[in-house]
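Chain by chain, the residues:
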Amino acid sequence: TTVHWEVTRNEIAEVEGIPLTTRMYGIWDKIWAFQAKPDDLLIATYAKAGTTWIQEIVDMIQQDGDTKKCKRAAVYERIPFIEWVVHESLPSGLEQAEKIPSPRTLKTHLPVQLVPPSFWEQNCKIIYVARNAKDSAVSYYHFHRMNQIMPEPGTWEEFLEKYKAGKVLWGSWYDHVKGWWKAKDNHRILYLFYEDIKENPRREIQKVMKFLEKDLEKEVLDKIIQNTQFENMKDNPMANYTTKPPELMNHKISPFMRKGAVGDWKNHFTVAQNERFDEDYEQKMEGISLTFRMEL
Ligand code: A3P
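Not measured: the values here are computed from a predicted model. (Residues numbered from 1 in each chain as written. Predicted model: local features only at pLDDT ≥ 70, side-chain atom pairs only at ≥ 80, totals over all residues. Heavy atoms only, no water.)

1. Some words on the overall build of the protein
Regarding its fold elements, the protein presents 15 helices and 6 strands. Taken over the C-alpha trace, the protein has a radius of gyration of 18 Å; the compact-globule value for 296 residues is 19 Å, and the two agree within 12%. With respect to the three principal axes, the spread of C-alpha positions in the protein is 50 × 45 × 40 Å. Out of the 296 residues in the protein, the part that is buried amounts to 57%. Counting every atom, the protein has about 13,600 Å² of accessible surface; 50% of that belongs to carbon and sulfur. Of the side-chain charges in the protein, 41 are positive and 44 negative, and the distance between the mean point of each set is 4 Å. (Helix = DSSP H or I, 4+ residues; strand = E, 2+ residues; numbered from the N terminus. Rg over C-alpha atoms; globule rule 2.2 N^0.38 Å. Buried < 20%, exposed > 50% of the residue type's maximum accessible area, 1.4 Å probe, protein only. Areas by Shrake-Rupley, 256 points an atom, 1.4 Å probe, with all protein chains shown as cover. Lys, Arg positive; Asp, Glu negative; His and termini not counted. Charge placed at Lys NZ, Arg CZ, Asp CG, Glu CD.)

In structure tokens form, the structure reads like this:
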């Protein structure tokens, strides 16, 4: 596949104080008016929390562990990313969502207050995955480097400051994880952690099955665990984003399936960066019963 337009990095435009791209800003009224259906399942995450991983897990469960069916299309086509606009000449996430048959599974990175209201009105099930702030920051930085339509990341040091200040796409990690954490008390939200899935995929996949009211044989569960392991997803073109044109995603700069680990932040944060990060983190995460593991 080739790209017939000039690939440039997106500029940021804020919606209700949340940095989005100018393209998302341009169709914000349509995004906000999105019509969810009662049997829609929404996968919500802050960027780089393991979205693709949970997407593959969910699709494997829905397809009863049929790996062939899960390879029917790239993950970003199987599960439309509702607010995303790559380019005006391509179908937007909204248009893709409108095209696929029900029951639909949809993806969003929106903070809870920007989720189109019809998802709440229709009482849709939502799976939220959260990942610790430090690994998320590192993963997000490398993703900005490889994805040529993400805003310019600058140096790691510069990126980390923007990340802490919430001046990155989809806003503050801190507000995102906290907002969704509070929302789970009033809505049908399964709140999962990347670190838990990494530690015990069987236990966490079983939680997803229960949430989706799916009962699968042990052999099927084994197959799902196997197929959604990092190494297998890294080798799977329908999951690893290598089907995107290289002008958009340059896996030579940094592969989409980069490390898939807990604690890789230790290879990036300097001692000083880590101390300042912890200090700031404590303030931002004060008074909430939400804790993260930064290592396993
Ligand atoms: P790293 O950059 O730390 O490797 P998202 O899908 O939300 O964009 O998140 C991408 C991150 O999830 C990347 O993190 C990627 O490697 C990791 N990831 C994807 N599939 C995974 C899997 N099966 N197991 C563990 N991590 C996975």
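2. Looking at the site of the ligand
Close contacts around the ligand come from 18 residues, with Thr51, Thr52, Ser139, Tyr194 and Lys259 the closest. Here a nitrogen atom of the ligand and a side-chain polar atom of tyrosine 194 are 2.7 Å apart. Here the ligand, which alone exposes 570 Å², has 98% of that area covered by the protein. Of all the elements in the fold, those that place two or more residues in the shell around the ligand are α3 (51-62) and α14 (230-234). With 3 residues, the top contributor of residues to the shell around the ligand is α3. Partitioned by chemical class, the residues of the shell around the ligand number 7 nonpolar, 7 polar and 4 charged. (Near = heavy atom within 4 Å. Polar contact = N/O pair within 3.5 Å; in protein donor to acceptor, adjacent residues only side chain to side chain. Nonpolar A, V, L, I, M, F, W, Y, C, P; charged D, E, K, R; others polar.)

3. So, the pairing of strand β3 (residues 41-45)
Of all 5 residues making up β3, 5 are buried, and the element is well covered by its neighbours. Side-chain alternation along β3 places Leu41, Ile43 and Thr45 on one buried face and Leu42 and Ala44 on a second face that is also buried. Note: β3 against strand β4 (residues 105-108), 4 bridges, orientation parallel. Bridge pairing links leucine 42 to leucine 106 in β4. As defined by bridge partners, β3 adjoins strand β5 (residues 125-130) across 5 bridges and the pair is classed as parallel. When the sheet's bridge partners are listed, threonine 45 is paired in β5 with valine 129. (Pairing = 2+ DSSP bridges.)

4. What to know about the pattern of salt bridges
By the definition in use, this model includes 24 salt bridges. Taken together, the shared-partner salt bridges in this structure form one network comprising Asp196, Glu199, Arg203, Glu204, Lys207 and Arg293. (Salt bridge = Lys/Arg side-chain N within 4 Å of Asp/Glu carboxyl O.)

5. Quick notes on the confidence of the model for the protein
Per-residue pLDDT for the protein has a mean of 98; in total, 100% of the residues score no lower than 70. Interface confidence for the predicted complex, expressed as ipTM, amounts to 1.00; the pTM equals 0.98. (pLDDT = per-residue confidence, 0-100.)

6. Digging into the sheet that holds β5
Spatial ordering of the open sheet is given by β4-β3-β5-β6, a layout of 4 strands whose pairing is parallel. The sheet is open, and its two borders are formed by β4 and β6 (189-193), each paired with just one other strand. Strand-to-strand, the axes of this sheet are offset by a mean angle of 20°, without reference to chain direction. Packing against the sheet, α3 makes contact with β3, β4, β5 and β6, and its axis sits at approximately 160° to β3. (Axes fitted to C-alpha atoms, helices over the stretch in contact; angles between N-to-C directions. Contact = heavy atoms within 4.5 Å.)

7. Here's the deal with the environment of glutamate 14
Here glutamate 14 is to be found in strand β1 (residues 12-15). Through-space distance from the C-alpha of glutamate 14 to that of lysine 107 is 20 Å; in sequence the pair is 93 residues apart.

8. Details of the nonpolar core
Formed by 102 residues in total, the largest nonpolar core has its most connected members in Ile127, Tyr140, Tyr163, Trp170 and Trp173. Tallying contributions element by element places helix α8 (residues 133-146) first for this core, with 7 residues. Setting aside its immediate chain neighbours within four residues, tyrosine 163 contacts Tyr46, Ala133, Ser136, Ala137, Tyr140, Val168, Trp173, Tyr174 and Phe277. (Core = buried A, V, L, I, M, F, W, Y, C linked by side-chain atoms within 4.5 Å.)

9. Regarding the packing of aromatic side chains
The geometry of an aromatic ring pair is captured by the separation of the ring centres together with the interplanar angle, meaning the angle of the planes. Within the structure shown, the criterion is met by 30 aromatic pairs. Aromatic pair tryptophan 120 and tryptophan 180: ring centres 6.0 Å apart, planes at 45°, arrangement tilted. Separated by 60 residues along the polypeptide, tryptophan 120 in helix α7 (residues 118-121) and tryptophan 180 in helix α10 (residues 173-183) bring together distant segments of the chain. What makes tryptophan 120 partly exposed here is its relative accessible area of 23%. Between the NZ or CZ atom of lysine 184 and the centre of the ring of tryptophan 181, over which it lies, the distance is 3.8 Å. Over the aromatic face of tyrosine 174 sits the side chain of lysine 284, whose NZ or CZ is 4.9 Å from the ring centroid. (Phe/Tyr/Trp six-rings, centres within 6.5 Å; stacked < 30°, edge-to-face > 60°. Lys NZ or Arg CZ within 6 Å of the ring centre and 35° of its normal.)

10. Let's talk about the packing of α3 against helix α12 (residues 201-211)
Taken N-terminus to C-terminus, the directions of α3 and α12 make an angle of 55°; their axes are 10 Å apart at the nearest point. Compared by their axis directions, α3 and α12 come out oblique. Read as a crossing pair, α3 and α12 show a hand that is right-handed. Counted together, Ile54, Ile57, Val58 and Ile61 of α3 and Ile205, Val208 and Met209 of α12 form the full contact between these two elements. (Parallel < 35°, antiparallel > 145°, perpendicular 65-115°, else oblique. Left-handed = near helix turned anticlockwise from the far one by under 90°.)

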